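Examining the three-dimensional arrangement
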Amino acid sequence: MPPGSHDQELATVSAGDLEPRGPAPLFVLRIAAGRDAGKSLVLDWNARPRVLVGQSPVCDFVLADPRVSRRHLALSPEGHRVRLTDLGTTNGTRVGGVQMIEVLLAGGEAIELGDTSLRLVRAGNMPDAPARDRDRFGRVLGRSQEMQRLFALAERLSVSPLPLLIEGETGTGKELLAEAIHDTGPRAAHPFVVYDASAHAGDEELVMLFGRNAPGAIEQAHGGTLVLDEVGDLSDAAQARLVSVVERGHLQRLDGRPPVRVDVRVLSTTRRDLERQVHEGTFREELLFRLTGARLEVPPLRRRHGDVELLARHFWALFGGGAELPKAFAIQLSRHEWPGNVRELEHAVAQRGALGDELDVRERTSHVPHAAHARELFDRILDMNLALPHARQLVVDEFEQRYVARAVAEHGGNVTRAAAASGLTRRYFHMLRSKAKK
């Protein structure tokens, strides 16, 4: 074999090589040398669709090597191979002596990180995967093997009281998965409250979450489920207060009254690398540890083999595109990488249904409806001389009211379709609509 050919094989694998040939192999990760020599982990993708390796206690395979990063690398299934991804580490990851960012492994490779040497070995065949007898979990759709694994694991975790961290890129449907977990579990008849951590800041954030003269999001979720959407955006003050809530169920309101007991299951979503935020000092390690009773990762659409057409047909019918998704359009969709994931695909299908073949960006952005009203609203609020958080909230409330009303009108009064088109859970959409009616 010519020099370097093995390394090239590790880095580049043709699509044909990924096609399943017989039963899927079972892989075992073993430590060949280093402080943890002899330690091993079976990579059961049915139980853990993504395995994290590093020093952090939230990792699935924890190493004592001080030269290994807290969250060093991730392993996930890719056909009959394993995808290894270096998570932006300081000392890097080497496979076959070559430093790698991302690589597909077939088994037998030597993996070096810090002063630790790992080996990925095949050990027979994987246990039978969950039966593919459904194409959805709640409102989350998918027939791909990646989503079938996710559905099976999410269903098992739905009956657990453990706090759950749901990770994934923007637009993958993390909040919808949280809703499905709530609806499937024993708290389904109780409140489901979503707190968007990216929407509030400062004193407003603490009031909305913990309450002052009225219950905040945590108390509103008592008996049910609280979703901390984009939890990585929480301020340090909010993080500090949350620790006692998650650990002991004690809530301290901002009005100084004695702590109250709250019974909530916390589901957190994030597009961020929270371990990196811990390392940078912007996220509290003790909170991350308590939020990660279990962890799920929603795969990006580009790795969900075969799901683009399923989702496109669903959105086509949802937005009234007709009986059949045009074949040429379906082919065009299948060739796109979808960096914005399911949300981007949804918008593309909605635009095609509304505008037909001609998608003139300039025409769609050449005018802004109700611009005069918007200027009048801004001027009126500015004249009130309010503190910035209160003034901003008035603008947000006005926008939400108009957005919800327009979405419902555009979908003929069908709230379910309006919520789906808005990228919101039904409950959150209903909450906005109820607030608008007050």
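Residues numbered from 1 in each chain as written. Predicted model: local features only at pLDDT ≥ 70, side-chain atom pairs only at ≥ 80, totals over all residues. Heavy atoms only, no water.

1. Describing the overall build of the protein
Helix and strand counts for the protein stand at 16 helices and 20 strands. Burial status across the protein gives 45% buried among its 438 residues. Accessible surface computed for the protein: about 21,800 Å², of which carbon and sulfur atoms make up 52%. (Helix = DSSP H or I, 4+ residues; strand = E, 2+ residues; numbered from the N terminus. Buried < 20%, exposed > 50% of the residue type's maximum accessible area, 1.4 Å probe, protein only. Areas by Shrake-Rupley, 256 points an atom, 1.4 Å probe, with all protein chains shown as cover.)

2. Here we look at the sheet that holds strand E2 (residues 40-43)
Taken in spatial order, the six strands make up an open sheet running E2-E1-E11-E10-E7-E8, and their pairing is antiparallel. Two strands in the sheet have a free side with no partner beyond their single neighbour: E2 and strand E8 (98-100). On average, each strand axis in the sheet is tilted by 30° relative to the strand beside it, whichever way the strands run. Pairing between strand E7 (residues 93-95) and E8: three bridges, direction antiparallel. Note on E8: the bridge partner recorded for threonine 93 is methionine 100. (Pairing = 2+ DSSP bridges. Axes fitted to C-alpha atoms, helices over the stretch in contact; angles between N-to-C directions.)

3. Considering the pattern of salt bridges
All told, the structure shown has 33 salt bridges when counted by the stated rule. Among the ionic pairs, arginine 50 bridges to glutamate 297, the shortest N-O distance being 2.9 Å. With arginine 50 in the loop between E2 and strand E3 (51-54) and glutamate 297 in strand E20 (residues 294-297), the pair connects residues that are 247 residues apart, well separated along the chain. For glutamate 297, a relative accessible area of 26% puts it in the partly exposed group. The shortest N-O distance in the salt bridge between arginine 212 and aspartate 203 comes to 2.9 Å. Overall, the relative accessible area of 31% leaves arginine 212 in the partly exposed class. We classify aspartate 203 as partly exposed; its relative accessible area is 42%. Overlapping salt bridges bring together Arg48, Asp60, Arg71, Glu167, Asp273 and Arg295 as one network. (Salt bridge = Lys/Arg side-chain N within 4 Å of Asp/Glu carboxyl O.)

4. As for helix H3 (residues 174-184)
Buried residues dominate H3, accounting for eight of its eleven residues. Within the sequence span of H3, burial applies to Lys174, Glu175, Leu177, Ala178, Glu179, Ala180, Ile181 and His182.

5. Structural notes on the nonpolar core
Core analysis: the biggest nonpolar cluster contains 31 residues, and Phe137, Leu164, Ile166, Leu177, Ile181, Leu296 and Phe429 have the highest contact counts within it. Elements represented by at least two residues in this core include exactly helix H2 (145-158), strand E14 (164-167), H3, strand E15 (192-196), E20, helix H14 (388-410), helix H15 (415-422) and helix H16 (426-437). Sort the elements by how many residues they give to this core and H2 lands first, with six residues. Grouped together as the second largest cluster of nonpolar side chains are 29 residues, Ala197, Leu209, Val262 and Leu288 included. (Core = buried A, V, L, I, M, F, W, Y, C linked by side-chain atoms within 4.5 Å.)

6. Looking at the environment of arginine 187
Topologically, arginine 187 is positioned in the loop between H3 and E15. A residue is classified by how much of its surface remains accessible, and arginine 187, at 18% relative accessible area, is buried. Between the alpha carbons of arginine 187 and threonine 225 there is a distance of 7.1 Å; along the sequence they are 38 residues apart.

7. Regarding the packing of H2 against H3
Here H2 crosses H3 at 50°, and the two axes come no closer than 8 Å. Between H2 and H3, the interaxial angle falls into the category oblique. Every pair of crossing elements has a handedness; the one defined by H2 and H3 is right-handed. Contacts between H2 and H3 involve Leu150, Ala154, Glu155 and Ser158 from the former and Leu177, Ile181 and Thr184 from the latter. (Parallel < 35°, antiparallel > 145°, perpendicular 65-115°, else oblique. Left-handed = near helix turned anticlockwise from the far one by under 90°. Contact = heavy atoms within 4.5 Å.)

8. So, the sheet that holds strand E4 (residues 61-62)
The sheet built from five strands is open, its strands ordered E4-E3-E5-E6-E9 with mixed pairing. Two strands bound the open sheet, and with one partner strand each, they are E4 and strand E9 (102-105). Strand direction decides the pairing type here: strand E5 (residues 73-78) and strand E6 (residues 81-86), joined by six bridges, are antiparallel. Counterpart to serine 76 in the pairing with E6 is arginine 83.

9. Structural notes on H2
With 14 residues, H2 ought to run about 20 Å at 1.5 Å a step, and its terminal C-alpha atoms sit 20 Å apart, in line with that. Among the 14 residues of H2, eleven are classified as buried, and the element is accordingly described as predominantly covered. For H2, every residue scored as buried is listed here: Glu146, Met147, Gln148, Arg149, Leu150, Phe151, Ala152, Leu153, Ala154, Leu157 and Ser158. (Expected span 1.5 Å × (residues − 1).)

10. Some thoughts on the pairing of E14
Burial along E14 is two-sided: Leu164 and Ile166 and Leu165 and Glu167, pointing in opposite directions, are all buried. Both E14 and strand E19 (residues 265-270) contribute to a ladder of four bridges, which runs parallel. Counted as the bridge partner of leucine 164 is leucine 267 from E19.

11. Re the environment of leucine 274
Tracing the backbone shows leucine 274 in helix H7 (residues 274-280). Filtering out sequence-adjacent residues up to four positions away, leucine 274 remains in contact with Leu165, Val231, Gly232, Phe283 and Leu288.

12. Concerning the side chain of histidine 200
Relative to the helices and strands, histidine 200 is located in the loop between E15 and helix H4 (202-210). On the basis of relative accessibility, which here comes to 14%, the residue histidine 200 falls in the buried class. Once residues lying within four places of it in the same chain are set aside, the contact partners of histidine 200 are Tyr195, Glu205, Met208 and Gln393.

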